Amino acid sequence: MSDTMINLENVNYEYKSSEGEFMALKGINLEVKKGEFLVVLGHNGSGKSTLAKLINALLLPTNGKVYVNGMDTTDEEKIWDIRRTAGMVFQNPDNQIVATIVEEDVAFGPENQGIEPREIRKRVDKALEIVEMTKYKKHAPHLLSGGQKQRIAIAGILAMNPECIILDEPTAMLDPTGRSEVMKTVRKLNKEQNKTIVHITHYMEEAVEADRIVVMEEGQIVMEGTPRQVFSQVDKMKELGLDVPQVTELAHELKKEGIDIPEDILTVEELVRAL
Amino acid sequence: MMIKIENLNFIYNPDSPFETKALNNINLEINEGDFIGLLGHTGSGKSTLIQHLNGLIKPTSGSIIVDGVDITEKGADLKSIRQKVGLVFQYPEYQLFEETVYKDIAFGPKNLGLDDSEIDSRVKKAMELVGLDFDSLKDRSPFELSGGQKRRVAIAGVLAMEPKVLILDEPTAGLDPRGRDEILGEIKDLYNKGNITIILVSHSMEDVARLVNKIVVMHKGEIAMEGTPREVFRRAEELESMGLGIPQVTYFMRKYKESGNDVSSDVLTIDEAKEELLRYLRRNGND
Ligand SMILES: Nc1ncnc2c1ncn2[C@@H]1O[C@H](COP(=O)(O)OP(=O)(O)O)[C@@H](O)[C@H]1O
Ligand SMILES: Nc1ncnc2c1ncn2[C@@H]1O[C@H](COP(=O)(O)OP(=O)(O)O)[C@@H](O)[C@H]1O
Ligand SMILES: [Mg+2]
Ligand SMILES: [Mg+2]
């Protein structure tokens, strides 16, 4: 079996509407390995959600090919397999909740897949345990905090047993506590459940721990590499209007002043050691 | 203009099973020309507090004196208070409703009964302050605009009232870094022009550290700290115990100092840290 989870080959995507056409993705080539934790960084309008929707077969490429676990997203017979393989979590937790009790909400996906009730029970319990929401299973989702709601949405995806989870700015509407809860869950999915993760965000703190980052701008991938490789290009990141960790920027400034330190500092501890 | 809050208490849903004490004996003075950063964990009472300042919420007890007038008294002229104290809600773009950008921004001034030429000049000025091009955007529907632009329209609507005190509840929530920097830049420019007091509710220690001249920290409905950014960010452990932090550079300087380097950890920004480190490193001949 191949070790590639997602592969985009020369993908263009054009939105067509009454007002005209808009090329939202231009010549995207991207391979995501099984078990990889990929972060996609970029501004609003850079094409991140379009990319996510192409992977989930919610959109089909105008040119080029998108493969999910070897399946071509234009193959209509495979569409449900593709969506089961790559589950999506969206930005607004309120739009993803369908039931009035947490465990029913989590069971919704597998129920729709026609899974038998005993297996659903097992999956729901396990999913809630992974996102650490077991004790809320009888609660009403709308009374939970944003971070908790988002973890319920993740549990709902997990209950469908996907190999890959795509999260489209799942933390954008959350406060710092909610953001760190969701990030802890995402890391756990990757490290302990071995899920392939495509995490879309504009918070650079969330990108620091990724295996790899791609930076999008105007429908293209303009930077790619490990967090260390990407963030050490402070000037380029700033030009793109993206953040880098304050210590990375500080190290960069000191280096410009002739202080002899590495360019690719990422954490407070590294900078303390370097100076 | 000054705001003085005295012994303010507020309870949501009193005498019901859902009773929540949101504000507990708040005492605070806001002086003319202050630029205040209001910090606190979600649920600490920030939004409840600021909605008291223009009379949107009536206190359970206590008084709020705006420009010498107790706005909690019966018969207080709330219309004139809301003109003086402008409040931009969180995610204000959800409250846009007019069919054009112009009409949305003009809504408040129109309600003040201003004449058309005054309204026109205020709309123009407000749009300029938030970086929206008047000619190309005035007739557009606000709903067609990008998220960042919609938010600017909402802010411009409050600015067009020419408030003396501007309160913004997490104005950068959900924006990308560029959108955030643009809006914060516009708020800063507005402040630097003078004649305005600003209260900024924020979750970003880094943003607050470089913008405001006073910080108020709320915790469980009470004011837990008050002081300059330097004073407040010295109390890192206390902030952490409230689920808050300090800017990463400030944290770094503390760690660097703890590991035996004789530097001041009293820095708030990257520039200050750089200056302090260069002074220290060069004196020690690492050059
Ligand atoms: N349904 C649509 N019709 C036309 N243009 C669209 C549509 N959805 C997105 N776009 C445009 O495509 C570009 C990329 O959008 P998107 O993928 O949503 O970016 P991001 O998720 O990075 O903010 C933007 O310029 C956006 O305006
Ligand atoms: N409309 C409301 N009804 C009942 N309780 C509320 C309402 N709004 C806020 N609260 C409660 O009041 C407290 C303070 O909330 P809020 O002022 O919104 O805090 P913050 O803005 O700091 O997040 C919280 O416990 C919150 O749950
Ligand atoms: Mg998007
Ligand atoms: Mg609030």
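Residues numbered from 1 in each chain as written. Chains lettered and ligands numbered in written order. Predicted model: local features only at pLDDT ≥ 70, side-chain atom pairs only at ≥ 80, totals over all residues. Heavy atoms only, no water.

Visitor: Got a minute to help me understand the site of ligand 1 in this structure?
Guide: All names here are of chain A. Surrounding ligand 1, one finds Tyr 15, Phe 22, Ala 24, His 43, Asn 44, Gly 45, Ser 46, Gly 47, Lys 48, Ser 49 and Thr 50. Between ligand 1 and His 43, the relevant distance is 3.4 Å, taken from an oxygen atom to a main-chain nitrogen or oxygen of the residue. The backbone of Gly 45 places a nitrogen or oxygen atom 2.6 Å from an oxygen atom of ligand 1. Protein contacts shield 62% of the accessible area of ligand 1, which totals 560 Å² for the unbound molecule. Of all the elements in the fold, those that place two or more residues in the shell around ligand 1 are strand 2 (20-33) and helix 1 (48-55). (Near = heavy atom within 4 Å. Polar contact = N/O pair within 3.5 Å; in protein donor to acceptor, adjacent residues only side chain to side chain. Areas by Shrake-Rupley, 256 points an atom, 1.4 Å probe, with all protein chains shown as cover. Helix = DSSP H or I, 4+ residues; strand = E, 2+ residues; numbered from the N terminus.)

Visitor: Explain the site of ligand 2 to me, please; I cannot follow it from the model alone.
Guide: Residues and elements named next belong to chain B. Every residue near ligand 2 is listed here: Tyr 12, Asn 13, Thr 20, Ala 22, His 41, Thr 42, Gly 43, Ser 44, Gly 45, Lys 46, Ser 47 and Thr 48. Here a nitrogen atom of ligand 2 sits 3.3 Å away from a polar atom, N or O, in the side chain of Tyr 12. Between ligand 2 and Thr 48 there is a distance of 2.4 Å, counted from an oxygen atom to a side-chain nitrogen or oxygen. Relative to its free-state accessible area of 560 Å², ligand 2 is covered by the protein chains to the extent of 62%. When residues of the shell around ligand 2 are traced back to their parent elements, those giving at least two are strand 2 (20-30) and helix 1 (46-52). Broken down by element, the shell around ligand 2 gets its largest block of residues, 3 residues, from helix 1. For the shell around ligand 2, the per-class residue count stands at 2 nonpolar, 9 polar and 1 charged. (Nonpolar A, V, L, I, M, F, W, Y, C, P; charged D, E, K, R; others polar.)

Visitor: Looking at this model, I keep getting lost on the interface of chain B and chain A. Mind explaining?
Guide: It is common to report an interface's size as the accessible area lost on association of the parts. Across the contact, 29 residues belong to chain B and 26 residues belong to chain A. Around 2700 Å² of area is buried between chain B and chain A when both sides are counted, 59% of it from carbon and sulfur atoms. Along the contact surface separating chain B from chain A lie 5 salt bridges. Between Arg 180 of chain B and Asp 243 of chain A there is a salt bridge whose closest N-O contact spans 2.8 Å. One can count 14 residue pairs in polar contact (both at pLDDT 80 or more) joining chain B with chain A. (Contact = heavy atoms within 4.5 Å. Buried area = accessible area lost by both parts, 1.4 Å probe. Salt bridge = Lys/Arg side-chain N within 4 Å of Asp/Glu carboxyl O.)

Visitor: Where do I start with the packing of helix 3 (residues 101-111) of chain B against helix 6 (residues 147-159) of chain B in this structure?
Guide: All names here are of chain B. At a minimum axis separation of 7 Å, helix 3 and helix 6 run at an interaxial angle of 30°. By the angle between their directions, the pair helix 3 and helix 6 is classed as roughly parallel. In the crossing of helix 3 with helix 6, the sense of the turn from one axis to the other is right-handed. Together, Val 101, Asp 104 and Ile 105 of helix 3 and Val 153, Ala 156 and Gly 157 of helix 6 make up the contact between the two elements. (Axes fitted to C-alpha atoms, helices over the stretch in contact; angles between N-to-C directions. Parallel < 35°, antiparallel > 145°, perpendicular 65-115°, else oblique. Left-handed = near helix turned anticlockwise from the far one by under 90°.)

Visitor: Whenever I open this one, unusual backbone geometry confuses me. Can you help?
Guide: Outside of glycine, negative phi angles account for most residues, and trans bonds account for most peptide bonds. Unusually for a residue other than glycine, Asn 69 of chain A sits at a positive phi of about 45°. You will see that Asp 67 of chain B, though not glycine, has its phi angle at about 55°, which is positive. Turning to its location among the elements, Asp 67 of chain B is positioned in the loop between strand 4 (61-66) and strand 5 (69-70).

Visitor: Explanation requested: the side chain of His 52 of chain B in the structure shown.
Guide: Residues and elements named next belong to chain B. With respect to the secondary-structure elements, His 52 resides in helix 1. Of note is the side chain of His 52, whose polar atom sits 2.8 Å from the backbone oxygen of Thr 48. Every residue in contact with His 52, bar those within four places of it in the chain, is listed here: Leu 8, Phe 10, Leu 23, Ile 57, Lys 58, Pro 59, Ile 64 and Ile 71.

Visitor: How do you make sense of empty space enclosed by the protein when you look at a structure like this?
Guide: Residues and elements named next belong to chain B. If you walk through the whole model with that rule in mind, you get 3 cavities of 30 Å³ or more. The space that makes up the largest cavity amounts to roughly 80 Å³. If you trace the largest cavity, you find it lined by Leu 129, Val 130, Ile 155, Leu 159, Leu 166, Leu 168, Ile 183, Glu 186, Ile 187 and Leu 190. (1 Å grid on protein atoms, 1.4 Å probe; cavity = no way out; pocket = protein on both sides within 12 Å on 5 of 7 lines; lining within 4 Å. Points joined across faces, edges and corners; volume = space filled by probe spheres on them.)

Visitor: Looking at this structure, I do not really get the pattern of salt bridges. What am I missing?
Guide: Between side chains of opposite charge, pairing is possible as soon as their charged atoms come close. Considering all chains together, one arrives at 52 salt bridges over all chains under this definition. Here Arg 122 of chain B ties to Glu 162 of chain B by a salt bridge, and the two come within 3.5 Å at their closest N and O atoms. With a gap of 40 residues between them, Arg 122 of chain B in helix 4 (residues 116-129) and Glu 162 of chain B in the loop between helix 6 and strand 7 (165-169) connect regions that are remote in the sequence. The exposure class assigned to Glu 162 of chain B is partly exposed, which follows from its relative accessible area of 38%. Put simply, Asp 243 of chain A together with Arg 180, Asp 181, Asp 207 and Arg 210 of chain B are held in one network by salt bridges that share partners. (Buried < 20%, exposed > 50% of the residue type's maximum accessible area, 1.4 Å probe, protein only.)

Visitor: Is there a simple way to think about the sheet that holds strand 7 of chain B in this case?
Guide: The strands making up a sheet associate through hydrogen bonds between their backbones, and the pairing can be parallel or antiparallel. Residues and elements named next belong to chain B. With mixed pairing, the 6 strands of this open sheet are ordered in space as 6-7-8-3-9-10. Strand pairing shows two members of the sheet lacking a second neighbour, strand 6 (85-88) and strand 10 (222-227), which therefore form its edges. Neighbour-to-neighbour, the strand axes of the sheet open up by a mean angle of 15°, direction not taken into account. Lying over the sheet, helix 6 contacts strand 6 and strand 7, oriented at roughly 170° with respect to strand 6. (Pairing = 2+ DSSP bridges.)

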